[in-house]
Amino acid sequence: MTQISVTVNGVQRQADVEPRTLLVYFLREHLGLTGTNVGCDTSSCGSCTVHLDGESVKSCTLLAVQADGRQVTTIEALASGDELHPLQEAFHRNHGLQCGYCTPGMLMAADSFLRENPTPTEEEVRESLEGNLCRCTGYQNIVTSILDAAARMSGAKA
């Protein structure tokens, strides 16, 4: 076992983990943060996307020990209390989800992307979602949701 200390959603967490424990399983099984989904364990689907030190990463490709001393943000911290994040509101408003399995990863990837590119084109949004798979929606409503959120977050008319 290896002891790690990770700041998760703003709270310092310490735990003993096996060195082979993936970050996604540490979040889900050790911390009970089940919003981060396990989809493929191969980094293909993106449903496990979280932020590590502010950058979008797939938590099924990182060991928990690699997060030692770092900051992790999960979908549970995207909203602010009872107030949804603009991306969450836009996904709701534009029907950007169906089964919802990919949604946490889509939202985390989109949040990271919009911080880097607050006024993207449709093509840029589609390209940014390249590593996140959705098996239900056909992506159009997801793209529409992200563009809507970007416009509202930048103060432009949606």
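Just above, that's the structure.
Each value, and the rule that gives it
- Residues numbered from 1 in each chain as written.
- Predicted model: local features only at pLDDT ≥ 70, side-chain atom pairs only at ≥ 80, totals over all residues.
- Heavy atoms only, no water.
- Salt bridge = Lys/Arg side-chain N within 4 Å of Asp/Glu carboxyl O.
- Helix = DSSP H or I, 4+ residues; strand = E, 2+ residues; numbered from the N terminus.
- Buried < 20%, exposed > 50% of the residue type's maximum accessible area, 1.4 Å probe, protein only.
- Axes fitted to C-alpha atoms, helices over the stretch in contact; angles between N-to-C directions.
- Parallel < 35°, antiparallel > 145°, perpendicular 65-115°, else oblique.
- Left-handed = near helix turned anticlockwise from the far one by under 90°.
- Contact = heavy atoms within 4.5 Å.
- Nonpolar A, V, L, I, M, F, W, Y, C, P; charged D, E, K, R; others polar.
- Core = buried A, V, L, I, M, F, W, Y, C linked by side-chain atoms within 4.5 Å.

1. Side note on the pattern of salt bridges
For the structure on display, the rule yields six salt bridges. Between Arg93 and Asp148 there is a salt bridge, with its nearest N and O atoms 2.9 Å apart. With a gap of 55 residues between them, Arg93 in helix H2 (residues 86-93) and Asp148 in helix H5 (residues 140-153) connect regions that are remote in the sequence. Judged by relative accessible area, which is 33%, Arg93 ranks as partly exposed. For Asp148, a relative accessible area of 9% gives the class buried.

2. A closer look at unusual backbone geometry
At Asn9, a position not held by glycine, the phi torsion is positive, near 55°. Classification of Asn9 as partly exposed rests on a relative accessible area of 26%. Residue Asp53 is not a glycine yet carries a positive backbone phi of 50°. Positionally, Asp53 belongs in the loop between strand E3 (49-52) and strand E4 (55-58).

3. Let's talk about the packing of helix H3 (residues 103-116) against H5
For any two helices packed against each other, one specifies the inter-axial angle together with the distance between the axes. It is the contact of H3 with H5, at a shortest axis distance of 11 Å, that shows an interaxial angle of 40°. Judged by the angle between their axes, H3 and H5 are oblique. Crossing angle aside, the handedness with which H3 passes H5 is right-handed. Mapping the contact onto sequence places Met106, Ala110 and Leu114 in H3 and Ile142, Ile146, Ala150 and Met153 in H5. When its residues are assigned to classes, the contact of H3 with H5 shows seven nonpolar, no polar and no charged.

4. A short note on the nonpolar core
Judged by nonpolar contacts, the single largest core of 20 residues is most densely connected at Leu87, Phe91, Met106, Leu129, Ile142 and Ile146. If you list the elements that add at least two residues to this core, you get H2, H3 and H5. Here this core gets six residues from one element, more than from any other, and that element is H3. With near-sequence residues (within four places) excluded, Ile142 lies in contact with Phe91, Gly96, Met106, Leu129, Cys134 and Thr137. Val8, Val17, Leu31 and Leu52 belong to the second-largest nonpolar core, a separate cluster that totals 17 residues.

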